[in-house]
Amino acid sequence: MSVEQIAPIITKALSANKTEQDEAQEQLNNFKPHPDYATSLLSILLRQDAPLAARQMAGVLLKQFVESSWTECPHNATKDVVKANILPGLGDSISKIRSSVAAVISEIACLDFPDNWTGVFDNLLAMLASGEPNQVHGVMKVLFGVV
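Residues numbered from 1 in each chain as written. Predicted model: local features only at pLDDT ≥ 70, side-chain atom pairs only at ≥ 80, totals over all residues. Heavy atoms only, no water.

Trainee: Residue-level account of the overall build of the protein chain, with values.
Mentor: Helix and strand content of the protein chain: 8 helices and 0 strands. Principal-axis analysis of the C-alpha atoms places the extent of the protein chain at approximately 45 × 30 × 25 Å. Taken across its 147 residues, the protein chain has 38% of its residues classed as buried. Nonlocal contacts in the protein chain, meaning residues at least 24 apart in sequence, comprise 64% of its contacts between residues at least 6 apart. For the protein chain, the exposed area adds up to about 7,500 Å²; of that, 55% sits on carbon and sulfur atoms. If the 11 positive side-chain charges of the protein chain are averaged to one point and the 16 negative ones to another, these points end up 6 Å apart. (Helix = DSSP H or I, 4+ residues; strand = E, 2+ residues; numbered from the N terminus. Buried < 20%, exposed > 50% of the residue type's maximum accessible area, 1.4 Å probe, protein only. Contact = heavy atoms within 4.5 Å. Areas by Shrake-Rupley, 256 points an atom, 1.4 Å probe, with all protein chains shown as cover. Lys, Arg positive; Asp, Glu negative; His and termini not counted. Charge placed at Lys NZ, Arg CZ, Asp CG, Glu CD.)

Structure follows, in structure tokens:
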């Protein structure tokens, strides 16, 4: 599965047509066990040229995946890719995306820290120290979600 495969399904899930929404949700549920599901959602969430609604939906779906499937997910490489690539999203220029990214990071941190995500707080502290307003806002959202 690739971003090119999942992006149109996310767009379909945002349709006003209930039948299209239901079909899209069924397709997304079928993709959940695929090793690239979470990384594809992350790619869409972080993709600045993607429509805002699709990015937000990808964030919601990724957070739902973390809440429901992260612990049982047998694809450790997928988890590592998500953790290695999600933090820069805290500096996104769009507040809604920063909030979505922060929610996902908070969920992962609650499940994986400290044993399986040892450097996350060092990275967050470095982002705070940068003084860059978007990063500081994003990190504060993460910290609020973890506390």
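Having seen the structure, we can now continue with the description.
Trainee: Lay out the packing of helix α6 (residues 95-112) against helix α8 (residues 133-146) with the relevant residues and their values.
Mentor: To characterise two packed helices, one gives the angle between the axes of the helices and the distance between these axes. Contact pair α6 / α8: the axes reach a minimum separation of 8 Å and the direction vectors enclose 40°. In terms of orientation, α6 lies oblique with respect to α8. At the point where α6 passes α8, the crossing takes the right-handed sense. Judged by residue contacts, Ser95, Arg98, Ser99, Ala102, Ile105, Ser106, Ala109 and Cys110 of α6 engage Asn134, His137, Gly138, Lys141, Val142, Gly145 and Val146 from α8. In terms of residue class, the contact of α6 with α8 is made up of 6 nonpolar, 7 polar and 2 charged. (Axes fitted to C-alpha atoms, helices over the stretch in contact; angles between N-to-C directions. Parallel < 35°, antiparallel > 145°, perpendicular 65-115°, else oblique. Left-handed = near helix turned anticlockwise from the far one by under 90°. Nonpolar A, V, L, I, M, F, W, Y, C, P; charged D, E, K, R; others polar.)

Trainee: How would you explain the environment of Val136 if you had to name every residue and give the values?
Mentor: Along the polypeptide, Val136 turns up in helix α8. Given a relative accessible area of 24%, Val136 falls into the partly exposed group. Placed 16 residues apart in sequence, Val136 and Val120 show a C-alpha to C-alpha distance of 15 Å. When neighbours within four sequence positions are excluded, Val136 is seen to be in contact with Met127, Leu128 and Gly131.

Trainee: I'd love a proper account of the nonpolar core, names of residues and values included.
Mentor: Burial of nonpolar side chains together is a common tendency in soluble globular proteins. Ile10 and Leu90 are the most contacted members of the largest nonpolar core, which totals 40 residues. Secondary-structure elements contributing two or more residues to this core are α1 (3-13), α2 (18-31), α3 (37-46), α4 (52-69), α5 (76-86), α6, α7 (120-130) and α8. When neighbours within four sequence positions are excluded, Ile10 is seen to be in contact with Leu28, Leu41, Ile44, Ala54, Met57, Ala58 and Leu61. (Core = buried A, V, L, I, M, F, W, Y, C linked by side-chain atoms within 4.5 Å.)

Trainee: Which residues make up the state of the cysteines, and what values go with them?
Mentor: Within the structure shown, the criterion is met by 0 disulfides. Cys110 provides the cysteine sulfur closest to Cys73, a residue in no disulfide bond, and the two sulfurs are 18 Å apart. Residue class for Cys73 comes out buried when judged on its relative accessible area of 9%. (Disulfide = S-S within 2.5 Å.)

Trainee: How would you sum up the packing of α1 against α3? Please name residues and give values.
Mentor: Viewed as axis vectors pointing N to C, α1 and α3 meet at an angle of 70°, and their least axial separation amounts to 9 Å. Compared by their axis directions, α1 and α3 come out roughly perpendicular. The way α1 lies across α3 gives a crossing that is right-handed. Contacts between α1 and α3 involve Val3, Ile6, Ala7 and Ile10 on the former and, on the latter, Tyr37, Ser40, Leu41, Ser43 and Ile44. Across the contact of α1 with α3, the residue classes tally to 7 nonpolar, 2 polar and no charged.

Trainee: Tell me about the side chain of Thr39, residues and numbers included.
Mentor: Note that Thr39 resides in helix α3. On the basis of relative accessible area, Thr39 is assigned to the buried category, the value being 17%. Within the local environment of Thr39, its side chain forms a polar contact with the backbone oxygen of Asp36, the two atoms lying 3.1 Å apart. Beyond its immediate sequence surroundings of up to four residues, Thr39 is in contact with Thr78, Val81 and Val82. (Polar contact = N/O pair within 3.5 Å; in protein donor to acceptor, adjacent residues only side chain to side chain.)

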